Amino acid sequence: MIEADRILEPVAPDAPTMRALREYGSAPALADALRGASDAVEQSLRLLLRADQAADEQDRMRAMSPTELPFSDLIERLRARDRISIELAGSAHELRRAVESGTHRPPGPADADRALEVVARLRREVNTLGDAAVREAAHQGVAAHRLDEPATEVPGPERADEYRLRMAGVATTLVALAVAVFLVLRGHDDALEEGVEAFAAGDLTEAAAHFREAVADDPDEATPRLYLGRVYRRLGRHAEAGDQLERAIRIASQDADIRREMGYLFLDLEAHAAAVRQFEQAVELEPAEEAGWIGLVRAMRLAGDARAEAMLARAPAAAQALLSRETTRAPTLDTIE
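We now turn to the structure provided with this report. (Residues numbered from 1 in each chain as written. Predicted model: local features only at pLDDT ≥ 70, side-chain atom pairs only at ≥ 80, totals over all residues. Heavy atoms only, no water.)

### Some points on the nonpolar core
Of all hydrophobic cores here, the largest spans 59 residues; its most connected members are Val 11, Leu 21, Val 41, Leu 45, Ile 84 and Leu 122. Looking at which element gives the most residues to this core, the answer is helix 3 (residues 27-51), with 10 residues. Discounting chain neighbours no more than four positions away, the residues touching Leu 122 are Leu 8, Val 11, Val 41, Ser 44, Leu 45 and Leu 88. Val 196, Ala 207, Ala 241 and Leu 245 belong to the second largest nonpolar core, which has 25 residues in total. (Core = buried A, V, L, I, M, F, W, Y, C linked by side-chain atoms within 4.5 Å. Buried < 20%, exposed > 50% of the residue type's maximum accessible area, 1.4 Å probe, protein only. Helix = DSSP H or I, 4+ residues; strand = E, 2+ residues; numbered from the N terminus. Contact = heavy atoms within 4.5 Å.)

### Looking at the packing of helix 10 (residues 222-234) against helix 11 (residues 238-251)
For the pair helix 10 and helix 11, the least separation of the axes is 8 Å and the interaxial angle reads 160°. Classified by the angle their axes make, helix 10 and helix 11 are roughly antiparallel. Like other packed secondary-structure pairs, helix 10 and helix 11 cross with a definite hand, here left-handed. Of helix 11, the residues touching helix 10 (which contributes Ala 222, Arg 225, Leu 226, Leu 228, Gly 229, Tyr 232 and Arg 233) are His 238, Glu 240, Ala 241, Gln 244, Leu 245, Arg 247, Ala 248 and Ile 251. (Axes fitted to C-alpha atoms, helices over the stretch in contact; angles between N-to-C directions. Parallel < 35°, antiparallel > 145°, perpendicular 65-115°, else oblique. Left-handed = near helix turned anticlockwise from the far one by under 90°.)

### Looking at helix 6 (residues 86-100)
In this model, helix 6 (15 residues) spans 21 Å end to end at C-alpha, consistent with the 21 Å of a helix rising 1.5 Å per residue. For helix 6, the complete set of buried residues consists of Ile 86, Glu 87, Leu 88, Ala 89, Gly 90, Ser 91, Ala 92, His 93, Leu 95 and Val 99. Measuring from the side-chain oxygen of the N-cap residue of helix 6 to the backbone nitrogen of Leu 88 gives 3.0 Å; that N-cap residue is Ser 85. (Expected span 1.5 Å × (residues − 1). Polar contact = N/O pair within 3.5 Å; in protein donor to acceptor, adjacent residues only side chain to side chain.)

### Concerning the packing of aromatic side chains
Scanning all chains against the criterion turns up 3 aromatic pairs. Considering the side-chain rings of Phe 199 and Tyr 227, the 5.7 Å spacing of their centres and the 80° angle between planes classify their relative orientation as edge-to-face. Here the residue Phe 199 occupies a position in helix 8 (residues 160-200), and Tyr 227 occupies one in helix 10, the gap between them amounting to 28 residues. Like Phe 199, the residue Tyr 227 is buried in the burial classification. (Phe/Tyr/Trp six-rings, centres within 6.5 Å; stacked < 30°, edge-to-face > 60°.)

### Some points on helix 10
Relative to the 18 Å expected for 13 residues at 1.5 Å per residue, helix 10 spans 19 Å between its end C-alpha atoms, a close match to the ideal helical length. Counting buried positions over the 13 residues of helix 10 gives 12, a clear majority of the element. Taken residue by residue, helix 10 has Ala 222, Thr 223, Pro 224, Arg 225, Leu 226, Tyr 227, Leu 228, Gly 229, Arg 230, Val 231, Tyr 232 and Arg 233 as its buried positions.

### Comments concerning a negative patch on the surface
Taken together, the side chains of Glu 76, Glu 194, Glu 197, Asp 203, Glu 206, Glu 213 and Asp 217 define an acidic patch exposed on the protein surface. Those elements giving two or more residues to the negative patch turn out to be helix 8 and helix 9 (204-217). Sorting elements by how many residues they give to the negative patch places helix 9 first, with 3 residues. Position of Asp 217 among the secondary structure elements: in helix 9. (Patch = residues over 30% accessible without salt bridge, like charges linked within 9 Å, V, L, I, M, F, W, Y side chains within 5 Å. Areas by Shrake-Rupley, 256 points an atom, 1.4 Å probe, with all protein chains shown as cover. Salt bridge = Lys/Arg side-chain N within 4 Å of Asp/Glu carboxyl O. Lys, Arg positive; Asp, Glu negative; His and termini not counted. Charge placed at Lys NZ, Arg CZ, Asp CG, Glu CD.)

### A word on the packing of helix 11 against helix 12 (residues 256-268)
When two helices pack together, their arrangement is given by the angle between their axes and by how far apart the axes lie. Here helix 11 crosses helix 12 at 155°, and the two axes come no closer than 10 Å. On the basis of their axis angle, the class for helix 11 and helix 12 is roughly antiparallel. Crossing angle aside, the handedness with which helix 11 passes helix 12 is left-handed. Judged by residue contacts, His 238, Ala 241, Gly 242, Leu 245, Glu 246, Ala 248 and Ile 249 of helix 11 engage Ile 258, Arg 259, Glu 261, Met 262, Leu 265 and Asp 268 from helix 12. Tallied by class, the residues present in the contact of helix 11 with helix 12 amount to 7 nonpolar, 2 polar and 4 charged. (Nonpolar A, V, L, I, M, F, W, Y, C, P; charged D, E, K, R; others polar.)

### Remarks on the pattern of salt bridges
Following the criterion strictly, the structure yields 26 salt bridges and no others. Here Asp 59 and Arg 77 are joined by a salt bridge, their closest N and O atoms 3.1 Å apart. Remark: Arg 77 occurs in helix 5 (residues 71-80) and Asp 59 occurs in helix 4 (residues 57-62); sequence separation between them is 18 residues. A residue is classified by how much of its surface remains accessible, and Arg 77, at 22% relative accessible area, is partly exposed. Between Arg 233 and Glu 261 there is a salt bridge, with its nearest N and O atoms 2.6 Å apart. On the criterion of sequence distance, the pair formed by Arg 233 in helix 10 and Glu 261 in helix 12 is long-range, its members being 28 residues apart. Residue Arg 233 is classed as buried on the basis of its relative accessible area, which comes to 4%. Salt bridges sharing common partners tie together Glu 117, Arg 121, Arg 124, Asp 257, Arg 260, Glu 286 and Glu 289.

Written out as structure tokens, the structure reads:
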């Protein structure tokens, strides 16, 4: 069973690395905080693999060694075991690259916001895994004591051959169907994963091509449309970004990530009141997610909304710490995300 608290200890809210990420007072201090946050996220991911009793023994043995199991291989193993989402894999890669490129530009509040969002997603996913393990254990306990199952007819000797042939035919059909579904889903996942990797690497043109392929493979899936919206917004193709995000909302109207991205798009377009509405929905859907509160308060300030400071008082402590340090001057757009 996965012990979520143990795995998440490096990124616990009161951990020194997390406090540093919320309480930095200068660009050098922020750079150190981002590096600490990246290391803490990696440590939690390594603990997650070590705790996975169904994983390959060699992988578990090497899980805590960056030399034996580099970060990219660690992410690959966790994705193969479906222990983390594509989104978390991509954002963890992005955080690591941001830290590695920190020598080329000074970090800003936007970098801290993104790091906090990675940590929040990691906490959600690991806690969900822990809950799932408990539910599965309960289910197995009940299933092992089923007393009211109806009796299954046993075919007589004269029907045994016919029965075996029929069952073999059914099994063959099911296997063929399973293989076909696997191939379709695998192609979709490959395009999406490759898109996330390209997006994390900053290659927006390549990322867009992969996300378009994923959309074509499954037009009713919201995630590739969300990423395509992110790419188009960063490329300044706002109309196309809006189209993809509107379609994503029609598919998954209760997805807070989509609502936040739509909020960022409206901020880019200086439609501040519209951005407020999107961030309000994101906060309602995920009240513990710090990024939603940060976007909401900043959008309210830009819109001149009188509720901004009252809303700040309701935000999580980390969001309050970040937003309270900001001057009354509205932040520039490159610090919004």
